[in-house]
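# Structural description and commentary
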Amino acid sequence: METPRRVEHQMTDKGYVPVYTTTVIEQPWDTYTAVDHDTWATLFKRQREILVGRAAKEFVTNQERLHMTADAIPRFSDLNRVLKPATGWELIAVEGLLPELTFFEHLANRRFPVTWWIRKPEQLDYLAEPDMFHDLFGHVPLLLNPVFADYMQAYGAGGVKAAAIGPEALQNLTRLYWYTVEFGLIRTDEGLRIYGAGIVSSKGESIYSLESPAPNRIGFDLERVMQTRYRIDTYQKTYFVIDSYEELMEATRPDFTPIYARLHDAPSHAAGDVLATDTVWQRGSGEGWLNDGDV
Ligand code: PHE
Ligand code: FE
């Protein structure tokens, strides 16, 4: 039986997007079908294989610490038994994307909303909205990293503040989330690695983000990132590279209020722009880029 999920649509700068009930629910673990568990297993094994030598090492080690395996869809309560004592974070089950302010408030209180349902077998490669595989496999491992755990909470608190300042501030902050939490790359002694959840949960983008000559790979710079538009329907044109989670935490520690004021009248950069002031690790060839559609 299909559970009706979508409750309403909300007009945003991305057009109409579905917004779900804000209620925190119990993960309906018993309702997962054999097909659901199989989808989890297929995605889990496939990504673990692709991510060897590509993802930051925390992904495998922390998935192991959380006892996340291909065998079955994890119970959030089992993950919480490891996560909560470690960094104070707790997973809560939700229907899907939450209204922005609700999402920020959860993060600010170290609650990470996880979509309870998993994609269908015909959606292994692409899905327009986050599902459980994206949330659990992509986001949860780094919540065990103490520095990243603090960053996520600070981001939530910053979001509550930005929402009170206005939509432009929120847009600046959303770009930061996009280019770090979702699509970030990190330099390690072994080479460039993925830490963004949007990449780690996608087979195609895991390879593309590191190996394709098409995208730019540019050193992380807070204000530069906050001014940069992004893609929601294609792979990114630009990936921003951090040196460490500590660097990210330090760069975002100052009060953003004066930054929002400064950026208010500054132009935004297109997703594929390379600036004279950028630290360029790779200038993308731009192959395959669409000319419109940056948001
Ligand atoms: N320091 C930011 C502020 O004052 C909050 C923040 C922290 C935002 C970490 C993003 C990430 O708004
Ligand atoms: Fe996500």
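Residues numbered from 1 in each chain as written. Chains lettered and ligands numbered in written order. Predicted model: local features only at pLDDT ≥ 70, side-chain atom pairs only at ≥ 80, totals over all residues. Heavy atoms only, no water.

### Some words on the site of ligand 1
Cut-off, in case you're wondering: Near residues are defined by distance, with any heavy atom within 4 Å of the molecule or strand qualifying the residue. N or O atoms closer than or at 3.5 Å make up a polar contact, with two conditions inside protein: a donor-capable atom paired with an acceptor-capable one, and, for residues adjacent in sequence, both atoms drawn from side chains. Note that accessible areas follow from Shrake-Rupley with a 1.4 Å probe, and for residues the cover is restricted to the protein chains shown.
Close to ligand 1 lie Y151, A154, Y155, G158, K161, L173, L176, T252, R253, P254, D255 and F256, which account for all nearby residues. Here a nitrogen atom of ligand 1 and a backbone polar atom of R253 are 3.4 Å apart. The backbone of F256 places a nitrogen or oxygen atom 3.0 Å from an oxygen atom of ligand 1. Within the complex, the protein chains bury 93% of what would otherwise be the 320 Å² of accessible surface of ligand 1.

### Some points on helix α2 (residues 58-65)
Here is the rule we go by: For each residue, the accessible area found with a 1.4 Å probe, counting protein chains only, is set against the maximum for its type, and the residue is called buried under 20%, exposed over 50%, and partly exposed in between. Each helix corresponds to a stretch of at least 4 residues labelled H or I by DSSP, and each strand to a stretch of at least 2 residues labelled E; elements are numbered beginning at the N terminus. Directions pointing from the helix axis toward each C-beta atom define the arc. Contacts: residue pairs with any heavy atoms within 4.5 Å of one another.
E58, F59, N62 and Q63 are the residues of α2 that are buried. Relative to the axis of α2, the buried residues are bounded by an arc of 115 degrees and lie together on one face. For α2, the elements touching its buried residues are α1 (34-50), α5 (132-139), β6 (191-194), α8 (197-200) and α11 (245-251). Among the residues trailing α2, H67 stands out with phi positive, at a value near 60 degrees.

### What about the coordination of the iron ion (ligand 2)?
Basically, it comes down to this: Counted as donors are N, O and S atoms no farther than 2.8 Å from the metal, or 3.2 Å for Na, K and Ca; water is not among the atoms, and sites may therefore look incomplete.
Here the iron ion (ligand 2) is held by H134 (NE2), H139 (NE2) and E182 (OE), and the distances to it run 2.0 to 2.2 Å. In primary sequence terms, the donor set of the iron ion (ligand 2) follows H-x4-H-x42-E. Highlighted residues: H134 in helix α5 and E182 in helix α7 (residues 167-182), separated in sequence by 48 residues. Here the two residues H134 and E182 agree in accessibility, since each one is buried.

### Structural notes on the side chain of T228
Along the chain, the position of T228 falls in the loop between α10 (222-226) and β8 (238-242). Ignoring anything within four residues of it in the chain, the contact list for T228 reads R175, Y179, F240, H269, A270 and A271.

### Thoughts on the sheet that holds strand β7 (residues 216-219)
Strands belonging to one sheet form pairs held by backbone hydrogen bonds; the direction of such a pair is parallel or antiparallel. Operational definition: By this definition, two strands are paired if DSSP reports at least two bridges between them. To define axes, lines are fitted to C-alpha atoms, for helices over the stretch in contact only, and angles between the resulting N-to-C directions are given on a 0 to 180 degree scale.
Taken together, five strands build an open sheet; the order of strands is β6-β5-β8-β7-β9 and the sheet is mixed. Two strands bound the open sheet, and with one partner strand each, they are β6 and β9 (280-282). Strand-to-strand twist of the sheet, defined as the mean angle between neighbouring strand axes without regard to direction, takes the value 35 degrees. Where strand β5 (residues 185-188) meets β8, two bridges bridge the pair, whose relative direction is parallel. Its bridge partner lying in β8, L185 is registered against V241.

### Some words on the pairing of β7
Side chains of β7 alternate between two faces, with N216 and I218 and R217 and G219 buried alike. Examined bridge by bridge, β7 and β8 share four bridges and lie parallel to one another. The partner of G219 across the bridge, within β8, is V241. Sheet topology note: the β7/β9 ladder contains two bridges and is antiparallel. Counterpart to I218 in the pairing with β9 is V280.

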